[in-house]
Amino acid sequence: MHFHVLGPQARFPFAATRKYTPPDAPLDIALALHGRLGIASGLVVHANTHGFDNGVDLDASARSGGRYLAVVRLDGRATREGCRALHAAGARGVRFAFNPQHGGTLDQEIFEHVLRCIEGLGWFVELHFEGAAIPGLRRWLEGIPATVVIDHFGRVDPSLGVDQEPFGILCELMGRDNFWTKLSGAERISKQGWPYDDVAPLARRLVEIAPGRLIWGSDWPHTGVFDAAKMPDDGKLLDALLRFVPDETVRKNILVGNPKRLLHAS
C-alpha cells in the first residue's frame, strides 16, 4: 500500500526547492481513510516536497501503531550508521524520484553511495521515472544489485499499447527476480479516466509475467492534483484493481502476500 503523508507544514515544512506545493495531508486523515477502505498496513513513501527531511515519514511510522513502515529519501550525506538508525525507526526502502514533473535528475554517483550505505539491511530501492526514459535507463537498471520497485506501471503511456518499447523493456525487467512493479497511479497514466480501461491490458500482462512481484498503492493524497473536481477517488482506485486482476487469489497476494515477502515479514 503506497501513500504519502504531507505535513502539517507547521511541524514538517516543505523544502524550499520543491517543484509544487500541495496542501497538507497529515497522518490522521490517512489513518481515517485507510480505516474506511479496510487497509490494515502500508508504506508511507517520501515525497520530494519534503526534500531530504524524512521526519514526516518516520513520525507516521512511529505513530501508526505498527501499521506503517517508511520509504525514505537519501543523498550523498547518507552513512551506514545513519541508515541503520533509519531501519530501527521503521525505514525499509529508499526512493529515487526523478521524473521531470516531481523530481528532477538522477545522480548515479549518489545512487551508488546510497546502495553501499544500505547494504545488508534488506531494503528495496524504489524508482519513479517517466516511461519514455526506460529505454535509456535499461542498461543501468539491469545492473542494479538490489531489489528494485518501479512506481506506477513505470509511468508508461497506455495509449501506446502493450507492444510499445518502454513497456516491453519493463516486462523484460520483470522477468528478473529482483524487479517489482506497483500497480498504482492508474489515474496518472490513463488517457481515458475512470474506470481506467486503457490501463487494464498493462496490468494483465504484468500479472502474466510476475504475479508474485506486484504490489498496489492508492498514491494518496495524489500529489500534483490541485483541482478538487479531478481528485481521484481512492475507493474507485481499489475497485479498479478488481477489474485489472479478477483472480481473487492473485489479487490477495498483490495486496497482502507480496508486500509481506518484499518486506521480509511473516
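Heads up: the structure comes first, above all this text.
Notes on the structure in this doc start here.

About the cut-offs
Each chain has its residues counted from 1, running along the sequence as written. pLDDT decides what is reported in this predicted model: residues at 70 or higher carry local features, side-chain atom pairs at 80 or more are listed and counted, and totals for whole chains, interfaces and linings draw on all residues regardless. Note: side-chain values were computed over all heavy atoms of the structure, leaving out hydrogens and water. Helix and strand assignments follow DSSP, with helices taken as H or I runs no shorter than four residues and strands as E runs no shorter than two, numbered in order from the N terminus. The size measure is the radius of gyration over C-alpha atoms, and the globule rule it meets is 2.2 Å times the number of residues to the 0.38 power. To sort residues, take the accessible area from a 1.4 Å probe on protein chains only and compare it with the maximum for the residue type: under 20% means buried, over 50% means exposed, and anything in between is partly exposed. Pairs of residues are marked as contacts when any of their non-hydrogen atoms sit within 4.5 Å. Only the protein chains shown count as cover for residues, and the accessible areas themselves come from Shrake-Rupley with a 1.4 Å probe. Neither His nor the chain ends contribute to the count of charged residues, in which Lys and Arg are positive and Asp and Glu negative. To locate a charge, the coordinates of NZ of Lys, CZ of Arg, CG of Asp or CD of Glu are taken. Each pair of strands is called paired provided DSSP finds at least two bridges between the two strands. Polar contacts here mean pairs of N or O atoms no more than 3.5 Å apart (in protein, one a potential hydrogen donor and the other a potential acceptor; neighbouring residues in sequence count only if both atoms are side-chain atoms). The working definition used for a salt bridge is a side-chain nitrogen of Lys or Arg within 4 Å of a carboxyl oxygen of Asp or Glu. Pairing of aromatic side chains requires ring centres within 6.5 Å, counting the rings of Phe and Tyr and the six-membered ring of Trp. Pairs whose planes differ by under 30 degrees are stacked, by over 60 edge-to-face, and all others tilted. Two conditions define a charge sitting above a ring: the NZ of Lys or the CZ of Arg must be within 6 Å of the ring centre, and it must be within 35 degrees of the ring normal.

1. Things to note about the overall build of the protein
Link 1 in the chain: For the protein, the helix and strand inventory stands at 10 helices and 8 strands.
Link 2 in the chain: In summary, the protein has a C-alpha radius of gyration of 17 Å against a globular reference of 18 Å for 266 residues, a match within 12%.
Link 3 in the chain: Across its three principal axes, the protein shows a C-alpha extent of roughly 45 × 40 × 40 Å.
Link 4 in the chain: The proportion of buried residues among the 266 residues of the protein is 53%.
Link 5 in the chain: Put simply, of all contacts in the protein between residues at least 6 apart along the chain, 73% involve residues at least 24 apart.
Link 6 in the chain: Counting only carbon and sulfur atoms, one obtains 51% of the accessible surface of the protein, whose full area is about 11700 Å².
Link 7 in the chain: Averaging the locations of the 30 positively and 31 negatively charged side chains of the protein gives two centres separated by 3 Å.

2. Observations regarding the sheet that holds strand 6 (residues 147-150)
Link 1 in the chain: Spatially, 8 strands are ordered 1-2-3-4-5-6-7-8 in an open sheet, and the strand pairing comes out parallel. Where the open sheet ends on each side, the last strands, each with one partner, are strand 1 (2-3) and strand 8 (214-215).
Link 2 in the chain: In this structure, strand 5 (residues 124-128) lies alongside strand 6, joined through 4 bridges in parallel fashion. Residue pairing in the sheet places Phe124 in a bridge with Thr147 of strand 6.

3. Brief notes about the side chain of Thr223
Link 1 in the chain: Summarising the element assignment, Thr223 is placed in the loop between strand 8 and helix 9 (234-244).
Link 2 in the chain: At 3.4 Å, the side chain of Thr223 and the side chain of Tyr20 are in polar contact.

4. Notes on the pattern of salt bridges
Link 1 in the chain: For the coordinates displayed, the defined rule picks out 14 salt bridges.
Link 2 in the chain: Between Glu126 and Lys182 there is a salt bridge; the shortest N-O distance is 2.8 Å. Remark: Lys182 occurs in strand 7 (residues 179-182) and Glu126 occurs in strand 5; sequence separation between them is 56 residues.
Link 3 in the chain: According to the relative accessible area criterion, Glu126 is buried, its value standing at 0%.
Link 4 in the chain: One salt-bridge network, in which partners are shared between bridges, spans Arg95, Glu126, Asp151 and Lys182.

5. A few points about the packing of aromatic side chains
Link 1 in the chain: One pass over the full model with this rule turns up 7 aromatic pairs.
Link 2 in the chain: Ring centres 5.9 Å apart and planes at 50° place the aromatic pair Phe98 and Phe129 in the tilted group. Taken together, the residues span a long stretch of sequence, with Phe98 in the loop between strand 4 (91-97) and helix 4 (108-118) and Phe129 in the loop between strand 5 and helix 5 (134-142) at a distance of 31 residues. As far as burial versus exposure is concerned, Phe98 and Phe129 are alike and both buried.
Link 3 in the chain: Grouped by ring-pair contacts, the aromatic residues Phe96, Phe98, Phe111, Phe129 and Trp140 constitute a single cluster.
Link 4 in the chain: The ring of Phe52 has Arg73 sitting right over it, with the charged end atom 3.9 Å from the ring centre.

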